[in-house]
Amino acid sequence: MNTQSLTASLFSQLQNGPALQQVSQQLGMDSSQASQAIGAALPLLMGGLANNASQPQGAQSLLNALQRDHLGGGGADTGGFDLGGLIGAVLGGGGASSPATNGLGILGHVFGGQTPQAASLLGQKTGLDSGRSGQLLAILAPIVMSFLAQRFAQQGNAGQLSQALGEENRQTGGGGIGDLLGGVLDQDGDGKFGVSDVLGLLGGKR
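Residues numbered from 1 in each chain as written. Predicted model: local features only at pLDDT ≥ 70, side-chain atom pairs only at ≥ 80, totals over all residues. Heavy atoms only, no water.

1. Comments concerning the packing of aromatic side chains
On inspection of all chains with the given rule, the structure shows one aromatic pair. Measuring from ring centre to ring centre gives 5.6 Å for F81 and F147, while their planes differ by 70°; the resulting arrangement is edge-to-face. Separated by 66 residues along the polypeptide, F81 in the loop between helix 4 (56-69) and helix 5 (83-91) and F147 in helix 8 (residues 130-153) bring together distant segments of the chain. (Phe/Tyr/Trp six-rings, centres within 6.5 Å; stacked < 30°, edge-to-face > 60°. Helix = DSSP H or I, 4+ residues; strand = E, 2+ residues; numbered from the N terminus.)

2. Looking at helix 2 (residues 19-27)
Within helix 2 the residues assigned to the buried category are A19, L20, V23, S24 and L27. Considered in projection along helix 2, the buried side chains sweep an arc of 125° and stay on one side of the axis. Elements that come into contact with the buried residues of helix 2 comprise helix 1 (6-15), helix 3 (31-52), helix 5 and helix 8. Within two residues after helix 2, G28 carries a phi angle of roughly 70°, on the positive side. (Buried < 20%, exposed > 50% of the residue type's maximum accessible area, 1.4 Å probe, protein only. Arc of directions from axis to C-beta. Contact = heavy atoms within 4.5 Å.)

3. Some remarks on helix 1
By the burial criterion, the buried members of helix 1 are L6, T7, S9, L10 and L14. Viewed along the axis of helix 1, the buried residues span an arc of 165°, placing them on a single side of the element. Those residues of helix 1 that are buried lie in contact with helix 2, helix 3, helix 5, helix 8 and helix 9 (158-172). A positive backbone phi angle near 70° is found at G17, which sits one or two residues after helix 1.

4. So, the packing of helix 1 against helix 8
Between helix 1 and helix 8, the shortest axis-to-axis distance is 11 Å and the interhelical angle comes to 120°. The angle between the axes of helix 1 and helix 8 places the two elements in the oblique class. As for how helix 1 packs across helix 8, the hand of that crossing is right-handed. Counted together, L6, S9, L10, Q13 and L14 of helix 1 and L140, I143, V144, F147, L148, R151 and F152 of helix 8 form the full contact between these two elements. Residue composition of the contact of helix 1 with helix 8, by class: nine nonpolar, two polar and one charged. (Axes fitted to C-alpha atoms, helices over the stretch in contact; angles between N-to-C directions. Parallel < 35°, antiparallel > 145°, perpendicular 65-115°, else oblique. Left-handed = near helix turned anticlockwise from the far one by under 90°. Nonpolar A, V, L, I, M, F, W, Y, C, P; charged D, E, K, R; others polar.)

5. A look at the confidence of the model for the protein chain
Chain-level pLDDT for the protein chain is 81 on average; 76% of the residues reach the 70-or-more range. Per-element mean pLDDT across the protein chain ranges from 47 in helix 11 (residues 195-202) up to 95 in helix 8. Across residues 183-199, where pLDDT falls below 50, the model places 38 contacts with residues more than four positions away in sequence or in other chains. Note on residues 201-206: pLDDT under 50 across the span, and 26 contacts to partners over four residues away in sequence or across chains. (pLDDT = per-residue confidence, 0-100.)

6. Notes on the pattern of salt bridges
Should the charged atoms of two oppositely charged side chains come close, the side chains can pair. For the structure shown, the criterion picks out three salt bridges. We note a salt bridge from R170 to E167, for which the minimum N-O separation is 3.1 Å. Here R170 and its partner E167 are both found in helix 9, three residues apart, which amounts to about one turn of the helix. Take R170: its relative accessible area is 60%, and that puts it in the exposed class. (Salt bridge = Lys/Arg side-chain N within 4 Å of Asp/Glu carboxyl O.)

7. Observations regarding the packing of helix 3 against helix 8
The interhelical angle for the contact between helix 3 and helix 8, taken along N-to-C directions, is 60°, at an axis separation of 10 Å. On the basis of the axis angle, helix 3 is oblique to helix 8. Considering how the two elements wind past one another, helix 3 and helix 8 form a crossing that is right-handed. Residues A37, I38, A41, L42, L44, L45, M46 and L49 of helix 3 pack against L136, L137, L140, A141, V144, M145, F147 and L148 of helix 8. Here the contact of helix 3 with helix 8 is composed, by residue class, of 16 nonpolar, no polar and no charged.

This is the structure we're talking about:
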C-alpha cells in the first residue's frame, strides 16, 4: 500500500508504543476506548485544517504556522516527528506558553470560536462527555500540527499542503466536519466559507 492516508499513517503511529497508553491514562479510559476516540478525532481535526487550507491565503497561513511553531517536533533534537517527546510535552502541562504544544490555542485557530461544538460532535460520535472529547482534541491538535509540519513545512509548498489536506478530507469524510462547517468556519456570517473566514481563523496566530 503505497499511498496510506495522512490520517491512517498518524493513527497507526499513535497505536504503537506508549502513546496510546499515555492518552488513555490522561483521559481515564481503557486503551480500546481511547483508540476508538482517536480514530474519530483525527479526521475531525484534519477536516478542519483542510477547510482552513482550501483557500490559497489560508493554506499559506497554515504553512507559515507549521514552519514557525511546529518543525521542532515538540523538542526533538533531530527535527523529526518525535511522537514520544511531543506527547510528554503536551501532557506535562507546561506547554501553555509554547505555540507548539498549546492544544487549546491551536483548536482556536482550527475551529474559531466553535471548539465546544467540535468537541460536542466528537462526543456524539464516540460517547465521550464534552469535557473529555475536548481534552482529547486539545491533546491531538499539537500532534497533528507537528505531523503535518514534518510532511510539508520543509518543502514550503502551500499548494501541496492544500491539495493533500483536501484529498485527505475527501477520503475520510472529515470526521463529520461537513455538518459543522456552516456555523464553525463561516466566521464573517455571510453564509459561506471564504477568504475572510480563513483570515479570521488563522491570521492572528503568532
